[in-house]
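Coordinates in review
One letter stands for each residue in the lines below.
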Amino acid sequence: MKNLAIARRYAKALLLIGKEDGQTDTYREELSAFAKLIEQEKSLQQVLVNPLYNVDGRKKVLAKVIESLQLSKPMATFILFLFDKGRIGFLSNINDFFQKFADELKGVARASLVSATELSSETIDKIRSALSARTGKDIILEVEQDPGLIGGIVTRIGDLVLDGSVRTQLLNMRQSLKRGESV
């Protein structure tokens, strides 16, 4: 829990820098690319995080990676600052928070839509519009299929879950029958 608070603080700081110099989108792309690289290359992650390796050697490796990715000066400084403060291990969480904060800044919400069958693009657009009207934000919708739902859809926007699946309705009916309620 403490790690998430730390990650949130660093992400907010980077967001403030991005708002100030108008480079939020650039930082978003760079941080995402760097975090993805670190996540994919487990050996690189170990080199950067493991205190058994020499600090100067780890910092040189990090500097080479930053140089090869051609990161902007503020982003390179931010990542080196994370390393110096011993927070480079929180990079994935920092990236997650930064992406969320940058979306909020742009008035965008990310949502997932799970359906039992494939939905037409027209239906997806109608759902996106309804969610946008409900939240007051532009919606980026990630669509998936899950035949286990039997029918209907389940939509998640942050903590809000809109469950219109047949499976959930059947489970609710089962619980009502167990309690002796009429359906």
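These lines cover the structure that appears in this document, whether it is placed above or below.

**Section: the packing of aromatic side chains**
Per the stated rule, a full pass over the model turns up two aromatic pairs. Seen in terms of ring centroids, Tyr10 and Phe81 are 6.2 Å apart; in terms of plane orientation they differ by 55 degrees. Their pairing is tilted. You can see Tyr10 sitting in helix H1 (residues 2–21) and its partner Phe81 sitting in helix H5 (residues 73–84), a full 71 residues away along the chain. Seen from their ring centres, Phe97 and Phe101 are 6.0 Å apart, and the 25 degrees between their planes marks the pair as stacked.

**Overview of the packing of H1 against helix H2 (residues 24–40)**
Between H1 and H2, the least distance of the axes is 8 Å, while the angle of their chain directions is 140 degrees. Taken together, the axes of H1 and H2 are oblique relative to one another. Every residue of H2 that contacts H1 at Leu14, Leu15, Ile17, Gly18, Lys19 and Asp21 is listed here: Thr24, Tyr27 and Leu31. Considering only residue class, the contact of H1 with H2 consists of five nonpolar, two polar and two charged.

**Things to note about the sheet that holds strand S4 (residues 160–163)**
Backbone hydrogen bonds hold the strands of a sheet together, and the pairing may be parallel or antiparallel. Taken in spatial order, the four strands line up as S2-S1-S3-S4 in an open sheet, and their pairing is mixed. Strand pairing shows two members of the sheet lacking a second neighbour, strand S2 (138–145) and S4, which therefore form its edges. In this sheet, neighbouring strand axes are inclined to one another by 15 degrees on average, regardless of whether the strands run parallel or antiparallel. Looking at chain direction, strand S3 (residues 153–157) and S4 are connected through four bridges and run antiparallel. Residue pairing in the sheet places Val154 in a bridge with Asp163 of S4.

**Some words on unusual backbone geometry**
Positive phi outside glycine occurs at Gln70, with the angle close to 55 degrees. With respect to the helices and strands, Gln70 occurs in the loop between helix H4 (55–69) and H5. Phi at Ile150 takes a positive value of approximately 70 degrees, unusual for a residue other than glycine. When you line up the elements, Ile150 lands in the loop between S2 and S3. Here Ile150 falls in the exposed class, since its relative accessible area comes to 55%.

**Observations concerning the environment of Gln169**
Mapped onto the secondary structure, Gln169 falls in helix H8 (residues 166–178). What makes Gln169 partly exposed here is its relative accessible area of 45%. The sequence separation of Gln169 and Asp159 amounts to 10 residues, and the corresponding C-alpha distance is 20 Å.

**Remarks on the pattern of salt bridges**
Taken as a whole and judged by the stated rule, the model has six salt bridges. Salt-bridge contacts for Arg28 lead to Asp103; the nearest nitrogen and oxygen are separated by 2.3 Å. Here the residue Arg28 occupies a position in helix H2, and Asp103 occupies one in helix H6 (residues 91–106), the gap between them amounting to 75 residues. No difference in accessibility class separates Arg28 from Asp103, as the two residues are buried. The closest approach of N and O atoms between Arg128 and Asp125, which form a salt bridge, is 2.9 Å. With Arg128 and Asp125 both in helix H7 (residues 121–135), this residue pair falls three residues apart, about one helical turn. Given a relative accessible area of 28%, Arg128 falls into the partly exposed group. Taken together, the salt bridges that share partners define one network made up of Arg28, Asp103 and Arg110.

**Examining the side chain of Thr24**
Tracing the chain through its elements places Thr24 in helix H2. If we skip the residues at most four places from it in the chain, Thr24 touches Leu15, Gly18, Lys19, Phe98, Ala102 and Leu105.

Conventions we followed
- Residues numbered from 1 in each chain as written.
- Predicted model: local features only at pLDDT ≥ 70, side-chain atom pairs only at ≥ 80, totals over all residues.
- Heavy atoms only, no water.
- Phe/Tyr/Trp six-rings, centres within 6.5 Å; stacked < 30°, edge-to-face > 60°.
- Helix = DSSP H or I, 4+ residues; strand = E, 2+ residues; numbered from the N terminus.
- Axes fitted to C-alpha atoms, helices over the stretch in contact; angles between N-to-C directions.
- Parallel < 35°, antiparallel > 145°, perpendicular 65-115°, else oblique.
- Contact = heavy atoms within 4.5 Å.
- Nonpolar A, V, L, I, M, F, W, Y, C, P; charged D, E, K, R; others polar.
- Pairing = 2+ DSSP bridges.
- Buried < 20%, exposed > 50% of the residue type's maximum accessible area, 1.4 Å probe, protein only.
- Salt bridge = Lys/Arg side-chain N within 4 Å of Asp/Glu carboxyl O.

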